[in-house]
Amino acid sequence: MYGVVTRNAEELDWPEFDLGFYEVKDVTGRHEDPVPNAVNMVSCHGDSATAGTEPDLVPVSESGERATRDQPYFDWGYVCPLAEDYRNGLLTVIETCADVNPAVRLDDVGFPRDDYCHCERCQNAFQHSDFDDWRAWRASVITDFVADATDRIPGKTYLTLYPDPYPGHLHDRAGLDLDALGAHVDEFVVPLYDTNYGTTYWLETIAKGFQSALDTPFSIELYAVDVDVDNLIHAAEVADEYANDVYFGYDASQARAALRRKNADQQRGEEFGPQN
């Protein structure tokens, strides 16, 4: 199955796509109303707008660095997963999406990097928890959030993963316990983005890594913006060998062209004789 990830509602009905994901809340903090003909998608802990207007909600490293776009390794700002009012607001957005379409995708879930968060909220919560291990406690925070979110999702729950299948990396980086999350999530989505896809050995390697790491089904999301159509087709064919489904991100026209070319190539050369 081939799907599209888009911010343009009109592209969701294009017949080339079997499924559409629609960004209701993205990492900039921009909000749109959910739509009934797509899996509505919510960026959870990535939110540059909130990080900019409410600095007290931004995750803090042990050395005091805040997880904002001012840091060279962050493309957007983050909000601490234990910021209660923000967390409750997220759950309300997710519930609203589920009222419109029972399937929802949770995007950008987790702590921003390995060394976060050491804000006062997190320090107090860890000290009063039953955990001795800080990383295990972080993972419990994220698993609890996902469990609360999926309680509000009557249909299929998708969750985006950072594309690192190496054992323990997602747990240590973002607080994502894949086994624990698998009890709540129906499908993981792994974005494997490139602006060219001139070679795909790396795509195959990462896809195989997730195939080995996950018991829960997973799909792969490819980047379609300005990517050569033939390269995009080849990337989709490689991804399709490992993933349940393949989704194309943020250029529906290029993705549609690739699928049309792929279908035409499959039909080329077929011979049709008289029916007996």
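Computed from a prediction, not measured in an experiment: that's the story for all the values here.

## Side note on unusual backbone geometry
- Residue Tyr116 is joined to Cys117 through a cis peptide bond whose omega torsion reads 15°.
- Its place among the elements puts Cys117 in the loop between strand 4 (104–107) and helix 3 (120–127).
- A positive phi angle is found at Asp226, which is not glycine, with a value near 60°.
- Considering the arrangement of structural elements, one finds Asp226 in the loop between strand 7 (218–223) and helix 8 (229–240).

## Remarks on the pairing of strand 4
- Of the two faces of strand 4, both are covered, the one formed by Val104 and Leu106 as well as the one formed by Arg105 and Asp107.
- Direction of pairing for strand 3 (residues 39–43) relative to strand 4: parallel, over a ladder of four bridges. Looking at strand 4, one finds that Ser43 is bridged to Asp107.
- Here strand 4 runs beside strand 5 (residues 157–160); their pairing, made up of three bridges, is parallel. Along strand 5, the bridge assignment pairs Leu106 with Leu159.

## Remarks on the nonpolar core
- With 80 residues, the main nonpolar core has Leu106, Val109, Val146, Leu161, Phe218, Leu222 and Phe248 as its most contacted residues.
- Among all residues touching Phe218, those that are not within four sequence positions of it are Glu187, Phe188, Val190, Ala207, Phe210, Gln211, Tyr242, Ala243, Asn244 and Asp245.
- Formed by nine residues, the second largest nonpolar core is a distinct cluster that contains Val5, Val39, Met41 and Tyr247.

## Some points on the layout of surface pockets
- Each pocket or cavity is described by its volume, and for the largest pocket that value is around 870 Å³.
- Lining the largest pocket are 31 residues, with Trp76, Tyr78, Asp108, Tyr162 and Pro191 positioned closest to its centre.
- Listing elements by their share of the lining of the largest pocket, those giving two or more residues are strand 4 and helix 5 (169–174).
- Classifying every residue of the lining of the largest pocket by side-chain character gives 18 nonpolar, three polar and 10 charged.

## Considerations on the sheet that holds strand 1 (residues 2–6)
- Read around the barrel, eight strands follow the order 1-2-3-4-5-6-7-8 and close on themselves; strand pairing throughout is parallel. This sheet shows a mean twist of 25° between the axes of neighbouring strands, independent of strand direction.
- As paired elements, strand 2 (residues 19–25) and strand 3 share four bridges and run parallel to each other. Directly across from Phe21, in strand 3, lies its bridge partner Val39.
- Of the strands in this sheet, strand 2, strand 3 and strand 4 are in contact with helix 2 (residues 84–100), which crosses strand 3 at around 170°.
- Here helix 7 (residues 201–213) sits on the sheet in contact with strand 6 (187–191) and strand 7, set at roughly 155° to strand 7.

Here is what the cut-offs are and how they apply
- Residues numbered from 1 in each chain as written.
- Predicted model: local features only at pLDDT ≥ 70, side-chain atom pairs only at ≥ 80, totals over all residues.
- Heavy atoms only, no water.
- Helix = DSSP H or I, 4+ residues; strand = E, 2+ residues; numbered from the N terminus.
- Buried < 20%, exposed > 50% of the residue type's maximum accessible area, 1.4 Å probe, protein only.
- Pairing = 2+ DSSP bridges.
- Core = buried A, V, L, I, M, F, W, Y, C linked by side-chain atoms within 4.5 Å.
- Contact = heavy atoms within 4.5 Å.
- 1 Å grid on protein atoms, 1.4 Å probe; cavity = no way out; pocket = protein on both sides within 12 Å on 5 of 7 lines; lining within 4 Å.
- Points joined across faces, edges and corners; volume = space filled by probe spheres on them.
- Nonpolar A, V, L, I, M, F, W, Y, C, P; charged D, E, K, R; others polar.
- Axes fitted to C-alpha atoms, helices over the stretch in contact; angles between N-to-C directions.

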